Amino acid sequence: MSQGSSFVRSANFPVDEQGRVHHVGVKPGEVANRIITVGESNRAWKIAENLDGNKEDLIVVTSTRGFTTITGKFNSVPISIISIGMGTSMMDFFVREVRAVVEGPMYIVRFGSCGSLRGDASVGALALASEAVGCIRNFDYFHSDASTEEPYLLSKPIPGDSEFPNLLKELASSEEKLFSGLNVTADSFYSSQGRQTGHFRDDNETLIAKVHKTYPNVLSFEMETFQLYHLAACSKEKSIRAYAVHMIFADRVNDIFLSDDLKHVVEPRVGKLVLQALSKVSL
C-alpha cells in the first residue's frame, strides 16, 4: 500500500492503482491482441521500425522488471511487440500478465534465436517450431549418492498453431531457408542444452543423443517456446494461440555460431516477415 493511500494490492495477482500488472507493467488498452514476443529490447525496436506512423504515435511501456512493450499498427492492424528477456519464468510472467489485460482472443508469436540439432539447418536459416517439448535438469539426480534418476527429463510434445506458419511460408521469399520440426525448450543455456563447460558436474554428455533417440524429428534447442505452447494449450476456452519461429544462431552439429554481420542482415528481414504474417492471422 502506498503512503497516504488506502489501495491494497492482492497478493494473488498484484496490480497497481492504474491496473498495471506487477512485472510486465502494462494496463488494459496498452497491449494488442496480436503480439510478437522477443528476448532483446533492441530486436523489439528493430521490428517496430516497420510499424505505421511515427515513433511518437506508439504506446511504449518499459517496466522495472526488464520488459519493454511497444504497441502500434502494421498495415492498420494493431500489434504489440514485447521483449521479455530469457527463460521460461519470463515467458510465464509475460503470457499470464498480458492475458489479464487483453480482452478477447490472442495470437502470440515468439520470434527468437535457437541452436540447430540438424546438420542441414545451419546458421542464418529459420527454424519453425511445429511442436515443442520441455527439457529440465533433474535436481534430485544431482543430490543422491546412488540415484536411479535420469539427470535430464523430457516432457511430452505440445503442437504450435498451424495458421501462422502457413502464412509465413506463403509470404517468405527465396532468401529464407525454412526448416520445420520439434523444438526443445531447456531450463539452461548450458547444462540442459548439452553444453560442457567443465566447471560443474552436469552429466550431460549423452543428452543430445537422448533427445535425438526420443524425438527423431528434433530441430532446435532454446529456452522459451515450450512454456508459451503449454500456457496457450492451458488457456481457458483456448483463448490464446501461439507459434514460434527462430533464427538459427548456433549450428550445434558443426559447432558454428552466427556472425554479427549475418545477424544484422537476417534479423530485420525476418522481423518484417513475421509482422506481415501475424497481421494476417485470424482472431
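Residues numbered from 1 in each chain as written. Predicted model: local features only at pLDDT ≥ 70, side-chain atom pairs only at ≥ 80, totals over all residues. Heavy atoms only, no water.

**Q** Can you lay out the overall build of the protein chain for me, pointing to particular residues and giving the numbers?
**A** Counting its secondary structure elements, the protein chain contains 6 helices and 12 strands. Taken over the C-alpha trace, the protein chain has a radius of gyration of 20 Å; the compact-globule value for 283 residues is 19 Å, and the two agree within 12%. Dimensions along the principal axes, computed over C-alpha positions, put the protein chain at roughly 55 × 50 × 35 Å. Relative to its full complement of 283 residues, the protein chain shows a buried share of 50%. Sequence-distant contacts, at least 24 apart, represent 75% of the contacts inside the protein chain between residues at least 6 apart. (Helix = DSSP H or I, 4+ residues; strand = E, 2+ residues; numbered from the N terminus. Rg over C-alpha atoms; globule rule 2.2 N^0.38 Å. Buried < 20%, exposed > 50% of the residue type's maximum accessible area, 1.4 Å probe, protein only. Contact = heavy atoms within 4.5 Å.)

**Q** Could you give me a rundown of the pattern of salt bridges, with the residues and numbers involved?
**A** By the definition in use, this model includes 16 salt bridges. With its nearest N and O atoms 2.8 Å apart, the salt bridge here joins arginine 118 to aspartate 120. With relative accessibility at 47%, the residue aspartate 120 sits in the partly exposed group. Among the ionic contacts, a cluster of salt bridges with common partners joins Glu40, Arg43, Lys46, Lys263 and Glu267. (Salt bridge = Lys/Arg side-chain N within 4 Å of Asp/Glu carboxyl O.)

**Q** Any details on a nonpolar patch on the surface? Residues and values, ideally.
**A** A cluster of nonpolar residues, Met86, Phe189 and Tyr190, forms a patch on the protein surface that exposes about 320 Å² of accessible area. For tyrosine 190, a relative accessible area of 44% puts it in the partly exposed group. (Patch = residues over 30% accessible without salt bridge, like charges linked within 9 Å, V, L, I, M, F, W, Y side chains within 5 Å. Areas by Shrake-Rupley, 256 points an atom, 1.4 Å probe, with all protein chains shown as cover.)

**Q** Hey, could you go over the nonpolar core for me, with residue numbers and the actual values?
**A** Core analysis: the largest hydrophobic core is formed by 63 residues, its most contacted members being Phe94, Phe111, Phe164, Tyr229, Val245 and Val274. Sequence-distant contacts of phenylalanine 94, defined by excluding residues within four places in its chain, comprise Val24, Ile35, Thr37, Phe67, Ile82, Ile84 and Ile108. Judged by nonpolar contacts, the second largest core, of 13 residues, contains Leu117, Val133, Cys135 and Leu207. (Core = buried A, V, L, I, M, F, W, Y, C linked by side-chain atoms within 4.5 Å.)

**Q** Hey, could you go over helix α1 (residues 41-48) for me, with residue numbers and the actual values?
**A** Taken residue by residue, α1 has Arg43, Ala44, Ile47 and Ala48 as its buried positions. Around the axis of α1, the buried residues are gathered within 140° of arc, so they sit on the same side. Buried-residue contacts for α1 involve β1 (34-38), β3 (68-74), β4 (77-83), β5 (106-116), β11 (240-251) and α6 (260-280). (Arc of directions from axis to C-beta.)

**Q** Describe the pairing of strand β10 (residues 218-222), naming the residues involved and giving the relevant values.
**A** Counting buried residues along β10, 5 of its 5 residues qualify, which places the element largely inside the surrounding structure. Here 2 bridges tie β5 to β10, and the two strands are oriented antiparallel to one another. Paired with glycine 115 across the strands is phenylalanine 221, a residue of β10. Taken together, the 4 bridges between strand β9 (residues 178-186) and β10 define a ladder with parallel strand orientation. Pairing of threonine 185 across the sheet is with glutamate 222, part of β10. Where the polypeptide runs from β9 across helix α4 (residues 207-214) and back to β10, its parallel neighbour, the crossover connection is right-handed. (Pairing = 2+ DSSP bridges. Right-handed = clockwise from strand over helix to strand, strands pointing away.)

**Q** Tell me about the side chain of serine 83, and name the residues and values.
**A** Following the sequence through the fold, serine 83 ends up in strand β4. Beyond its immediate sequence surroundings of up to four residues, serine 83 is in contact with Val38, Gly39, Glu40, Ser41, Ala44, Gly66, Phe67 and Thr68.

**Q** Run through the packing of α1 against α6, naming residues and quoting values.
**A** For the pair α1 and α6, interaxial distance at closest approach is 9 Å and the crossing angle is 60°. By the angle between their axes, α1 is oblique relative to α6. Crossing angle aside, the handedness with which α1 passes α6 is right-handed. Of α6, the residues touching α1 (which contributes Arg43, Lys46 and Ile47) are Lys263, His264, Glu267, Gly271 and Leu275. When the residues that make up the contact of α1 with α6 are grouped by side-chain class, the tally is 2 nonpolar, 2 polar and 4 charged. (Axes fitted to C-alpha atoms, helices over the stretch in contact; angles between N-to-C directions. Parallel < 35°, antiparallel > 145°, perpendicular 65-115°, else oblique. Left-handed = near helix turned anticlockwise from the far one by under 90°. Nonpolar A, V, L, I, M, F, W, Y, C, P; charged D, E, K, R; others polar.)

Purely geometric stuff here, so don't read any function into it on its own.
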